[in-house]
Amino acid sequence: MEPASAAVQEWPIDLKKEEFVHCQRLLARMHGPLRKRTVLWAVSFLSAAMFFATCLLDTARGATPDWSLVFSGLLLGLSVFVCWYTPYRMRHQAARQYEQSVACGQDYYGRLRVYPTRIEKVGDFASVSLALDETTFFVEEKDMMVFAGRSRFVLALPARCMTAEMATAVRQAADRLPVRNRRFFSRLQPKGLPAEKPAVEKAQPLWQQKIRFNAEEFVTITRAQIIRRYWKIAPWLAALSVLGGFAFGWNGEAVWPCVAWFLLCFGAITLLNLGLPLARAKGLRSLSVETLPSMDISVDARGVHIAAENGRVGVPWSAVQHVYDRDAFVEICNKHGAWYIPKRCIEDFTAFSAVIDHCRGKQ
């Protein structure tokens, strides 16, 4: 790694909430749920429109409604809704993530540094460094430049803070990446406004630990996360199965074929979303110690901070719903996720419990 003096140049940079949301949307257009949204939305909308138009024409002619056709149209209509709802939900989640991070005392101000082999942003609360090689991706459009690594750490450079000189230096760094790792939507339009450093005091950690999971712990956590995710989406799966049951099973006379098709659809979807992932999770026991994940976790008066290989997250105490004392873990839950601390990593469990109770009691 090059010393700091080897940096080509250094500039202040920050990131506001609307820019953070825009960054997440930009990445979703590359590798996320918005990548093929336009095509899927168009196909679903046209198919649903054709189904409903056919039903209306049949009704106008006095024909008996084809209920299987009606429910197939409802199924396609639901897919249109999902295509619309996905970006809304993504924006909402990104905004909430930013707000929770700020509530935990994190700021997005830092110094941007460009080196011959990496680009980094160094801040008082958090830093990110990305190698300029095949493990990093780059996106440019008129409002932002973004570097993203396979570890899911992201370096977002909003046009608000960028100057023409900064943009040129960043493009030169991006040119060192493989061509397949670069995306260009439009040329950045730098605005050259000064970065704003917020006046935030860094809270002292009350408890912190670096955790390296063993194979058994990793399997247990993975299975728990799979089950938790399944129950979150189970109502949607049941609704899809109901529509599928009527679409394939309704014969205009008896409802039992619909029930059979519902059970078949729900069973197949459950197998794909629960059974097979749980079965694959057993294979994680064969992972070597070097490939098992690790995380840095700290607790302070503002919240819980988790930094892992797939990103960094801060959860304010106001968003922590439960802290469970499981057999081998302490489970910290909010509305959308859960984090697990092996008890073997907690030297003084009584003192740790007192810290958690004190912090949660202040909310």
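Participant: Is there a simple way to explain the packing of aromatic side chains in this structure?
Facilitator: The description of an aromatic ring pair uses the distance of the two centres, along with the angle that the planes make with each other. On inspection of all chains with the given rule, the structure shows nine aromatic pairs. Residues Trp207 and Phe352 carry aromatic rings whose centres are separated by 4.9 Å and whose planes lie at 70° to one another, so their mutual orientation is edge-to-face. With Trp207 in strand β9 (residues 207-212) and Phe352 in helix α7 (residues 349-361), this residue pair connects regions lying 145 residues apart in the sequence. Counting every residue linked through ring pairs, the aromatic cluster contains Phe20, Tyr98 and Tyr108.

Participant: I keep staring at helix α4 (residues 164-174) and nothing clicks. Help me out?
Facilitator: Those residues of α4 lying buried are Met166, Ala167, Ala169, Val170, Arg171, Ala173 and Ala174. Looking at the buried side of α4, the elements it contacts are β1 (10-13), β2 (110-114), β5 (136-141), β6 (144-149), β7 (154-158) and β8 (182-184).

Participant: For this particular structure, what's the right way to read the sheet that holds strand β13 (residues 322-325)?
Facilitator: For sheets, the rule is that strands pair by backbone hydrogen bonds, running either parallel or antiparallel. On the basis of which strands lie adjacent, the open sheet formed by three strands has the order β13-β14-β15 and antiparallel pairing. Two strands bound the open sheet, and with one partner strand each, they are β13 and β15 (338-342). Taking the axes of each pair of neighbouring strands and ignoring which way they run, one obtains an average angle of 15° across the sheet. Docked against the sheet, helix α5 (residues 215-249) engages β14 (329-333) and β15, running at close to 160° with respect to β15.

Participant: What exactly am I supposed to notice about the side chain of Glu19 here?
Facilitator: Turning to its location among the elements, Glu19 is positioned in helix α1 (residues 17-31). At a separation of 2.9 Å, a polar atom in the side chain of Glu19 contacts the main-chain amide nitrogen of Lys16. Engagement of the side chain of Glu19 in a polar contact is seen with the side chain of Arg160, the distance being 2.7 Å. Once you skip the residues sitting within four places of it in the chain, Glu19 turns out to touch Asp14, Met144, Pro158 and Arg160.

Participant: I would appreciate a short explanation of the side chain of Thr136 in the present structure.
Facilitator: Tracing the chain through its elements places Thr136 in strand β5. You can call Thr136 buried: its relative accessible area is 1%. Dropping the residues within four chain positions of it, Thr136 is found in contact with Leu130, Ala131, Phe147, Ala148, Gly149, Leu177 and Asn181.

Parameters at a glance
Residues numbered from 1 in each chain as written. Predicted model: local features only at pLDDT ≥ 70, side-chain atom pairs only at ≥ 80, totals over all residues. Heavy atoms only, no water. Phe/Tyr/Trp six-rings, centres within 6.5 Å; stacked < 30°, edge-to-face > 60°. Helix = DSSP H or I, 4+ residues; strand = E, 2+ residues; numbered from the N terminus. Buried < 20%, exposed > 50% of the residue type's maximum accessible area, 1.4 Å probe, protein only. Contact = heavy atoms within 4.5 Å. Pairing = 2+ DSSP bridges. Axes fitted to C-alpha atoms, helices over the stretch in contact; angles between N-to-C directions. Polar contact = N/O pair within 3.5 Å; in protein donor to acceptor, adjacent residues only side chain to side chain.

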